[in-house]
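Listed below, chain by chain, are the residues.
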Protein chains: 2
Amino acid sequence: MKDTLIRSLYRETESYLGKDVKISGWVRTIRDSKSFGFIEINDGSFFKNVQVVIDDTLENFKEVTKFPISSSIEVVGVVVETPGTKQPFEIKATSVNIVGNSDSDYPLQKKRHTVEYLRSIAHLRPRSNLFSAVFRVRSLAAYAIHKFFNEKNFVYVHTPIITGSDCEGAGEMFRLTTLDILNTPKTEDGKIDFSEDFFGKEANLTVSGQLNGEAYALAFRNIYTFGPTFRAENSNTARHAAEFWMIEPEISFADLSDNMELAEEMIKYIINYCLENAPEEMEFFNSFVDKGLFERLENVVSSDFAKITYTEAIDILLKSGEKFEYPVEWGIDLQTEHERYITEKVFKKPVFVSDYPKDIKAFYMRINEDNKTVAAMDLLVPGVGEIIGGSQREERLDVLEARIEELGLNKEDYWWYLDLRKYGETKHSGFGLGFERIIMYMTGVSNIRDVIPFPRTTGQAEF
Amino acid sequence: MKDTLIRSLYRETESYLGKDVKISGWVRTIRDSKSFGFIEINDGSFFKNVQVVIDDTLENFKEVTKFPISSSIEVVGVVVETPGTKQPFEIKATSVNIVGNSDSDYPLQKKRHTVEYLRSIAHLRPRSNLFSAVFRVRSLAAYAIHKFFNEKNFVYVHTPIITGSDCEGAGEMFRLTTLDILNTPKTEDGKIDFSEDFFGKEANLTVSGQLNGEAYALAFRNIYTFGPTFRAENSNTARHAAEFWMIEPEISFADLSDNMELAEEMIKYIINYCLENAPEEMEFFNSFVDKGLFERLENVVSSDFAKITYTEAIDILLKSGEKFEYPVEWGIDLQTEHERYITEKVFKKPVFVSDYPKDIKAFYMRINEDNKTVAAMDLLVPGVGEIIGGSQREERLDVLEARIEELGLNKEDYWWYLDLRKYGETKHSGFGLGFERIIMYMTGVSNIRDVIPFPRTTGQAEF
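All residue numbers refer to positions counted from 1 along the written sequence of the respective chain. To label them, take the chains in the order written and letter them from A, then take the ligands in the order written and number them from 1. Per-residue local features are limited, in this predicted model, to residues with pLDDT of at least 70; the limit for side-chain atom pairs, both in listing and counting, is 80 or more; totals at the level of whole chains, interfaces and linings are taken over all residues. With hydrogens and water set aside, each side-chain value is computed from the structure's full complement of heavy atoms.

Undergrad: So what exactly am I meant to see when it comes to the overall build of chain A here?
TA: Think of it this way: any DSSP run of H or I at least four residues long counts as a helix, any run of E at least two long counts as a strand, and we number them from the N terminus. Each helix and strand counted, chain A has 14 helices and 16 strands in total. Expressed as lengths along the three principal axes of its C-alpha atoms, the size of chain A is roughly 85 × 60 × 45 Å. A simple rule labels every residue: compare its accessible area, found with a 1.4 Å probe on the protein chains alone, to the largest value its type can have, and call it buried under 20%, exposed over 50%, or partly exposed in between. Scored against the burial criterion, the 463 residues of chain A give a buried share of 60%. Long-range contacts, defined here as pairs at least 24 residues apart, represent 67% of the contacts in chain A between residues at least 6 apart. Every accessible area reported is derived by Shrake-Rupley at a probe size of 1.4 Å, with residue values counting cover from the shown protein chains alone. Counting every atom, chain A has about 18200 Å² of accessible surface; 47% of that belongs to carbon and sulfur. Pairs of residues are marked as contacts when any of their non-hydrogen atoms sit within 4.5 Å.

Right, here's the structure in full:
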C-alpha cells in the first residue's frame, strides 16, 4: 500500500472519506486513556497534523501509547469525518507500527522554546510549527519569483559567485584562496603572489550579480538573477547576514518608471502567491507572530504604491515637526526611522523614493539632468523601511567613464562593463530585492537568522 | 507607443498582421540596394530575428543603411505577411531611429568565431546564436526543475554555501577568510588562529548541500536544493568547473527504487519541457551542434530506463570482449569508457547501475546485507556516461557511527547529522544532478565553459 500524503487528505478530504489509507510520519503528540487514545502525526507534506484514533482493538495498543515524540511511524486506517470538531476528519487506525525510534532526550518536546535556543538546533527546528511555516513559505516565495519572471519571459541568469574583483565597491568581501596561508608565495616586493593562487589572481565572493546581469540584459532584453550573495561585514544585527539570497532583475529599453512598475508588480505577485498557496501557514503567522500581518499585506497588494522624489521626502521630513535621532538635511542617506515615518505615518502604504543625491549612491546609476541626483529608487514599506533598491543604469559611455574616474576607481577593472556602452547601449534599469527581507516582511519574523535554514553571521557557521 | 516583443510577433503573428507596431532591438545585419533594404533585428526576447523592410520613402533612409551592427534601434512599421519566404512575416518600416551607437570594432561581426574566442568575450557572447540558444535553454531548464518539484510539493531549501567543515570529504575546497593573510594571528603552537577569523573557525565553500538537505527532508519529507557548489580541483577538462550548480533532492520514507523512479521522471520532465518551450533553440542545436540530438533525446524520454547492479555491470564488461584502457575487475570505479559501453552499446538507452562496492562510495550510503556493497545508484546516459549519482542514506545510527569510525572521520564533526538518526530516523534517499551536465546533454555543447554564463575554472575568474 502506497503512502497517502497528509496534504492530500486535507486538500481532497471528500475523496478519501470512508477509505483505507496508509500514512507515514512523525509523532507530534500522543494522548491516551485506558482503552483508547489519539496520536497527532505530521509527515512534513502539510503544516497541520492529522489525528489518528487508536484503541485497544489494536494488538500492540499498549506499546503504541508509549511511542516517543518524533519517532517515525506507519499507520493504516480508515478516514472518517468528524463534524463539529477542530479538524474535519481523523484516521481510525487498524494498524500502527514504529519505523524509527526517537531518543527520550529529543529537544523539541511539547513545551515552548525560545527562537535563540531553536537556532542552536537548526537541524531540528524545521520540525517546529514556526519554522515549518517559515521555510515552506520561503520555498513558495522562491517559486513565485521564478514563476513571475518566467511568465514574463525573463531569462534566469546564474551570475558568478566567485569574482575576480570588488567591482561594485559595495562592501567588505570574503577572500577565497587555496594557497597555504602559513606559507604563501611572495612577489619580489613582499606581497602575496596571487598569480600562484587557484584563479591566478585575487578572488572574492560576490556582493551582487548586477554588473554581470547587465551584460545579459543587453543580450536577452529582460533577465533576472536569483542566487546567494555575501557581505563580510562585522555587524551583529537582526537584519544582516554574511550569506543571503538576492533577486536582481535587469531590463533593457526601460527607464526608472518601468523599473518601479516591475518592482510593484513583483512584490504584489509574491505576496498574493503565498497568501493563496500557504493559507494555513499565513494564518499561523497572523495569529501567533504578528497580529497585524494580514491587514498589512492586504494593504500592500491593494494599494497603488506612492511615488515621491528624495527631495520631496526631505521636505516632508523637515516639515514634519518630528524629532529624529538622525538630523534631516538634503544630502543625507535616509535612515530607517525616516523611511518608516514616510511610509507608515505619511502615506500608510508602500512608497517609491526616487532621484537620490549622486554622492550617496553607486557609480553606475544614471545621472539626472540636474547633475546632482541620480535616477535611483528605493521602495519603502510600512513595518520595515527599505525593501528594494534600484536604479536606471548610466548608459552614456562618456558620463560613466567620467564618474568612474571621479570616484577614483580603476577603469581597466571595468573594461567589459564599459564595452556594454560601446556596442549598442540603450537605457536599462534594474533593482535588487533581498530575498530574506521579503520573507521577514511576509511572515512577521523579525530576525534574519530565523528565515535562513542555516544562517551564517559573524562567528556563526555551524551545521 | 509601447514596444511589442519579437517573441509576441512570432507566437501570435495572426493578431498583428496589418497592424502598426513599435519594436526596439539590436541590428544583426543590414543589406541594402539603392532604394530599399532589409534590417535583421533581434530584441533578445526570441531566438529568431525579425526582418524589417526599409526603403527610400524613409526620410533618413541613407543614414539608416549605415547603422552599425549591434547598434540599438527603434522601428515603427506595419506587420505584413510574406507567404512563401523563410520568415512568416516582416515589418514594413515607417520610421527607424537609432537609440545607441555601436563602435565599428564590435567583435561579433557576421563571420564565424571559435568558441574559445567567444569565451574571451563572455559579456558579449550571449548575443550570438549559439549562446543565445544555450542560455535561454539553461534558464528554461532551471524553471522546469522548479516546476517539477513544486508540482510534487517538494520544499526548496537554500542550503548554506559557506560551511564550517568539509563534512562530505568530497574533494578539495576553497578556503574563505577575512584575515590579513600576510599577518595572520597565530596560536601558541604556531598555527593560524582561526578563532579570530570571521566565523571564529575555518570556513570553506560547500561541495554539496546533501547533509543539510537531509535535515530538511526529515522535517518536510520531500525537499530539493538547487544552488552553486564548488570544487578547488586543479583539473583542466571540458567537464569540470570550479563553480557549478547542482540539484539535490532528498526524499523520506523512500528507498533506492523510489529514488530511481524520481530521477527518471525528473530527467524526462526537463527534456520534455525544453523541447516544448524552446523549439527554435532545440532545432538549432540539432542542426548545427549535434545532428543526432533529437534522436538521442527522443530515445531518453520514450524509454523505460534499464536497471542493473554494479556486479552485473562488471560481468557484462568482462564478457564483452572489448579492450578497455582501464582494466575491469570487481571493485574498480567505473570509468567513462565502461559507462558509455554499457549505456551505448549494450542497452542503447539510459541505465541505472546500483549497489556499488562500499569502498568506492561515500560514508553516508546505506550498507547492503552483503556488507560489501551500498545502496548507491548512478544514472548513465548515452553520449555522456554518468549524469546522476545518488543513494539510499544510512539511517541506522550504529551502522553509520561504525562507518564514520572505520573511515577515520571525526564523529564530533557529524553530531547534528547523527542526531537525525537519533530522533525519528526513517529510510530516506537522494541524488545529485550536476545542472551543467544536463544542459550539455540537452544542447550537445561539449565544454562546460560554454554552458555557464561566466565560467570559473583553474586560472580563470575574469568578468
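Undergrad: What am I meant to see in the domain arrangement of chain A here?
TA: Think of interface size as the accessible area that goes away when the parts come together; that is how it is often given. All names here are of chain A. Once the domains are mapped, chain A shows domain 1 (6-100) and domain 2 (127-171 + 207-450). For each domain, the first and last residues come from an automatic or database assignment. Taking only C-alpha atoms into account, the centre of domain 1 sits 45 Å from that of domain 2. Each side of the interface is counted separately: domain 1 has 9 residues, and domain 2 has 9 residues. Accessible area, probed at 1.4 Å, shrinks when two parts are joined; the buried area is that loss added up over both. Buried area between domain 1 and domain 2, summed over both chains or domains, comes out near 800 Å², and the portion from carbon and sulfur atoms is 42%. Broken down residue by residue, the surface that domain 1 buries against domain 2 is led by R11, R28 and F47, which jointly contribute 66%. Between R11 and E280 there is a salt bridge whose closest N-O contact spans 2.9 Å. Side-chain atoms alone can form a polar contact between residues adjacent in sequence; in general such a contact is a pair of N or O atoms within 3.5 Å, and within protein one must be able to donate a hydrogen while the other accepts it. Connecting domain 1 to domain 2 are 5 residue pairs in polar contact (both at pLDDT 80 or more). Three classes are used, and their members are as follows: Ala, Val, Leu, Ile, Met, Phe, Trp, Tyr, Cys and Pro are nonpolar, Asp, Glu, Lys and Arg are charged, and the others, Gly among them, are polar. Across the side of domain 1 that touches domain 2, the residue classes tally to 2 nonpolar, 3 polar and 4 charged. We define a salt bridge as a contact between a side-chain nitrogen of Lys or Arg and a carboxyl oxygen of Asp or Glu at a distance within 4 Å.

Undergrad: Explanation requested: helix α8 (residues 279-288) of chain B in the structure shown.
TA: In an α-helix, one turn spans 3.6 residues, which is why side chains three or four residues apart end up on the same side. Where α8(B) is concerned, the buried positions are B:E280, B:E281, B:M282, B:F284, B:F285 and B:N286. Check the buried side of α8(B) and you find it contacts α1 (6-11), α5 (129-151), α7 (256-277), α9 (293-302) and α14 (435-443) of chain B.

Undergrad: Would you mind showing me how to read the packing of helix α6 (residues 210-220) of chain A against helix α13 (residues 415-422) of chain A here?
TA: To characterise two packed helices, one gives the angle between the axes of the helices and the distance between these axes. Residues and elements named next belong to chain A. Between N-to-C directions, angles cover 0 to 180 degrees, with each direction set by a line fitted to C-alpha atoms, over the stretch in contact for helices. Interhelical geometry of α6 versus α13 gives an angle of 30 degrees and a closest axis separation of 10 Å. Compared by their axis directions, α6 and α13 come out roughly parallel. Considering only the axes of α6 and α13, their crossing is left-handed. Seen from α6, the contacting residues are Q210, L211, N212, E214, A215 and L218; seen from α13, they are W416, Y417, L420 and R421. Residues belonging to the contact of α6 with α13 are distributed by class as follows: 6 nonpolar, 2 polar and 2 charged. In what follows, roughly perpendicular refers to angles from 65 to 115 degrees, roughly parallel to angles under 35, roughly antiparallel to angles over 145, and oblique to any angle outside these ranges. Should the near helix be turned counterclockwise from the far one by less than a right angle, the crossing is left-handed, whereas a clockwise turn marks it as right-handed.

Undergrad: When you look at the interface of chain B and chain A in this model, what are you seeing that I'm missing?
TA: Taken residue by residue, the interface counts 112 residues in chain B and 112 residues in chain A. When chain B packs against chain A, close to 9400 Å² is buried across both sides, 62% of that on carbon and sulfur atoms. By the criterion of area lost to chain A, the three top residues of chain B are B:H158, B:F198 and B:Y423, representing 9% of everything that side buries. Linking chain B with chain A are 4 salt bridges. For A:K201, the salt bridge identified is with B:E462, shortest N-O distance 4.0 Å. At the surface where chain B touches chain A, the tally comes to 42 residue pairs in polar contact (both at pLDDT 80 or more).

Undergrad: Got a minute to help me understand the sheet that holds strand β7 (residues 162-163) of chain A in this structure?
TA: Judged by pairing direction, the sheet is antiparallel, and its 6 strands sit side by side in the order β7(A)-β9(A)-β8(A)-β8(B)-β9(B)-β7(B) without closing on themselves. Across the chains shown, the open sheet's two edge strands, defined by having one partner strand only, are β7 of chain A together with β7 (162-163) of chain B. Alignment of strand β8 (residues 175-177) of chain A against strand β8 (residues 175-177) of chain B, held across 3 bridges, turns out to be antiparallel. Of the residues in β8(B), the one forming a bridge with A:T177 is B:R175. Two strands pair if DSSP finds at least two bridges between them.

Undergrad: Would you mind showing me how to read the relation of the copies chain B and chain A here?
TA: These two copies of the chain differ by a rotation about an axis and a displacement along the same axis. Only residues with pLDDT of at least 70 in both copies count here: their C-alpha atoms drive the least-squares fit that superposes the copies. For the pair chain B and chain A, the best superposition has an RMSD of 0.0 Å and corresponds to a rotation of 180 degrees with a translation of 0.0 Å parallel to the axis. The superposition of one copy onto the other is thereby described by a two-fold rotation axis. Considering only C-alpha atoms, the part of chain B nearest the rotation axis is B:L176, at 2.3 Å. When the interface residues of chain B are mapped onto chain A, 100% of them again lie at the interface, so the same face is used by both copies.

Undergrad: How should I be thinking about the pairing of strand β10 (residues 222-230) of chain A in this particular structure?
TA: Regular strands show a simple pattern: their side chains alternate between the two faces of the sheet. All names here are of chain A. With 9 of 9 residues buried, β10 lies mostly within the body of the structure. Both strand β6 (residues 155-156) and β10 contribute to a ladder of 2 bridges, which runs parallel. Residue pairing for β10: V155 is matched across the bridge by I223. By the bridge criterion, 9 bridges tie β10 to strand β11 (residues 243-252) in an arrangement that is antiparallel.

Undergrad: Just checking my understanding: could you explain the pattern of salt bridges for this structure?
TA: Any two side chains of opposite charge can pair, given that their charged atoms come close. Summed over all chains, the structure comprises 47 salt bridges over all chains. Residue A:R403 pairs with A:E406 through a salt bridge whose shortest N-O separation is 3.3 Å. On the criterion of helical spacing, the pair formed by A:R403 and A:E406 is a turn pair, its members being 3 residues apart in helix α12 (residues 397-406). Take A:R403: its relative accessible area is 3%, and that puts it in the buried class. A salt bridge links B:K147 to B:E151; the shortest N-O distance between them is 3.0 Å. Highlighted residues: B:K147 and B:E151, both in helix α5, separated by 4 residues, approximately one helical turn.

Undergrad: So what exactly am I meant to see when it comes to unusual backbone geometry here?
TA: Glycine aside, a negative phi is what most residues show, and trans is what most peptide bonds show. Positive phi outside glycine occurs at A:N153, with the angle close to 65 degrees. With respect to the helices and strands, the residue A:N153 is situated in the loop between α5 (129-151) and β6. Positive phi is not limited to glycine here, since B:K348 has a value of about 55 degrees. Tracing the backbone shows B:K348 in the loop between α11 (336-346) and β13 (351-357). With relative accessibility at 55%, the residue B:K348 sits in the exposed group.

Undergrad: Before we go on, may I ask you to explain the confidence of the model for chain A in this structure?
TA: The predicted structure's coordinates, where accompanied by low pLDDT, should not be read in detail. Each residue gets a pLDDT score, which is the predictor's confidence in that residue and runs from 0 to 100. Looking at chain A, the pLDDT average stands at 95 and 98% of residues meet or exceed 70. Here the predicted complex scores 0.97 on pTM and 0.97 on ipTM.

Undergrad: What's the story with helix α10 (residues 310-319) of chain A in this structure? I'm lost.
TA: All names here are of chain A. Listed as buried for α10 are Y310, A313, I314 and L317. All buried residues of α10 fall inside an arc of 100 degrees around its axis, so they share one side. Of the surrounding secondary structure, the elements contacted by the buried residues of α10 are β12 (306-309), α11 (336-346) and β13 (351-357). G321 occupies a position one or two residues after α10 and carries a positive phi of about 75 degrees. Arc, as used here, means the arc of the directions from the helix axis to the C-beta atoms.

Undergrad: It is not clear to me how the packing of aromatic side chains should be interpreted in this structure. Could you clarify?
TA: One pair of aromatic rings is described through two measures. These are the centre distance and the angle between the planes. Stacked, edge-to-face and tilted are the three classes for Phe, Tyr and Trp ring pairs, Trp counted by its six-membered ring, which pair at centre distances within 6.5 Å; planes under 30 degrees apart are stacked, over 60 edge-to-face, the rest tilted. If you walk through the whole model with that rule in mind, you get 71 aromatic pairs over all chains. Arranged with centres 6.1 Å apart and planes meeting at 70 degrees, the rings of A:F363 and A:Y417 form a pair that is edge-to-face. Within this pair, whereas A:F363 is found in the loop between β13 and β14 (373-381), its partner A:Y417 is found in helix α13, the two being separated by 54 residues in sequence. Each member of the pair, A:F363 as well as A:Y417, is classed as buried. Put simply, the rings of A:F131, A:F135, A:F454, A:F463, B:Y216, B:F220, B:F363, B:Y364, B:Y414, B:W415, B:W416 and B:Y417 touch in pairs and so form one group of aromatic residues. Either the NZ atom of lysine or the CZ atom of arginine qualifies as a charge over a ring when it sits within 6 Å of the ring centre and within 35 degrees of the ring normal. Directly above the aromatic system of A:F131 lies the positively charged group of A:R125, at a separation of 4.5 Å from the ring centroid. Taking the ring centre of A:Y417 as reference, the NZ or CZ of A:R421 above it sits at 4.1 Å.

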